[in-house]
Amino acid sequence: MRINLTKKDIINAIYMRIGFSKKISENLFDDIFDEITKSLIEHKKIKISKFGTFILKKKRSRPGINFKTREKSIISER
């Protein structure tokens, strides 16, 4: 039993449900995620009804600890 949902799984579901060829299904998948990525790069908020909302958040740098070595370090902003 697989735990992860992969790109291949989604493309196959589009192929089975809609009936597009696998190549067209893959192009559709890629186009959708390209649009989401472009919008996030432009700092737009993305709302997909009955699915979720995507936004970019800026995080400041902060202190952190490596739990294996107990070494303290600074986690960079992202």
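That block above? That's the structure.
Source: prediction; values computed, not measured.

### Examining the packing of aromatic side chains
For the coordinates displayed, the defined rule picks out 2 aromatic pairs. Seen from their ring centres, Phe29 and Phe33 are 4.7 Å apart, and the 40° between their planes marks the pair as tilted. Of this pair, Phe29 and Phe33 are both found in helix α2 (residues 22-41), 4 residues apart, which corresponds to roughly one turn of the helix. The class for Phe29 is buried, based on a relative accessible area of 11%. The exposure class of Phe33 is partly exposed, given its relative accessible area of 41%. Here the guanidinium or amino end of Lys22 rests over the ring plane of Tyr15, the centre of that ring lying 5.1 Å away.

### Overview of a positive patch on the surface
A surface patch of like charges, here positive, comprises Lys57, Lys59, Arg62 and Arg78. Inspection of the secondary structure assignment puts Arg62 in strand β3 (residues 62-66). The class of Arg62 is partly exposed, set by a relative accessible area of 31%.

### Re the packing of helix α1 (residues 7-18) against α2
Relative orientation of the contacting elements α1 and α2 amounts to 120°, with a least axis distance of 9 Å. By the angle class used here, α1 and α2 are oblique. Crossing of α1 over α2 shows right-handed handedness. When α1 is examined against α2, the residues Lys7, Ile10, Ile11, Asn12, Ile14 and Tyr15 are found in contact with a partner set consisting of Lys22, Ser25, Glu26, Leu28, Phe29 and Asp30. Its residues assigned to classes, the contact of α1 with α2 comprises 6 nonpolar, 2 polar and 4 charged.

About the cut-offs
Residues numbered from 1 in each chain as written. Predicted model: local features only at pLDDT ≥ 70, side-chain atom pairs only at ≥ 80, totals over all residues. Heavy atoms only, no water. Phe/Tyr/Trp six-rings, centres within 6.5 Å; stacked < 30°, edge-to-face > 60°. Helix = DSSP H or I, 4+ residues; strand = E, 2+ residues; numbered from the N terminus. Buried < 20%, exposed > 50% of the residue type's maximum accessible area, 1.4 Å probe, protein only. Lys NZ or Arg CZ within 6 Å of the ring centre and 35° of its normal. Patch = residues over 30% accessible without salt bridge, like charges linked within 9 Å, V, L, I, M, F, W, Y side chains within 5 Å. Areas by Shrake-Rupley, 256 points an atom, 1.4 Å probe, with all protein chains shown as cover. Salt bridge = Lys/Arg side-chain N within 4 Å of Asp/Glu carboxyl O. Lys, Arg positive; Asp, Glu negative; His and termini not counted. Charge placed at Lys NZ, Arg CZ, Asp CG, Glu CD. Axes fitted to C-alpha atoms, helices over the stretch in contact; angles between N-to-C directions. Parallel < 35°, antiparallel > 145°, perpendicular 65-115°, else oblique. Left-handed = near helix turned anticlockwise from the far one by under 90°. Contact = heavy atoms within 4.5 Å. Nonpolar A, V, L, I, M, F, W, Y, C, P; charged D, E, K, R; others polar.

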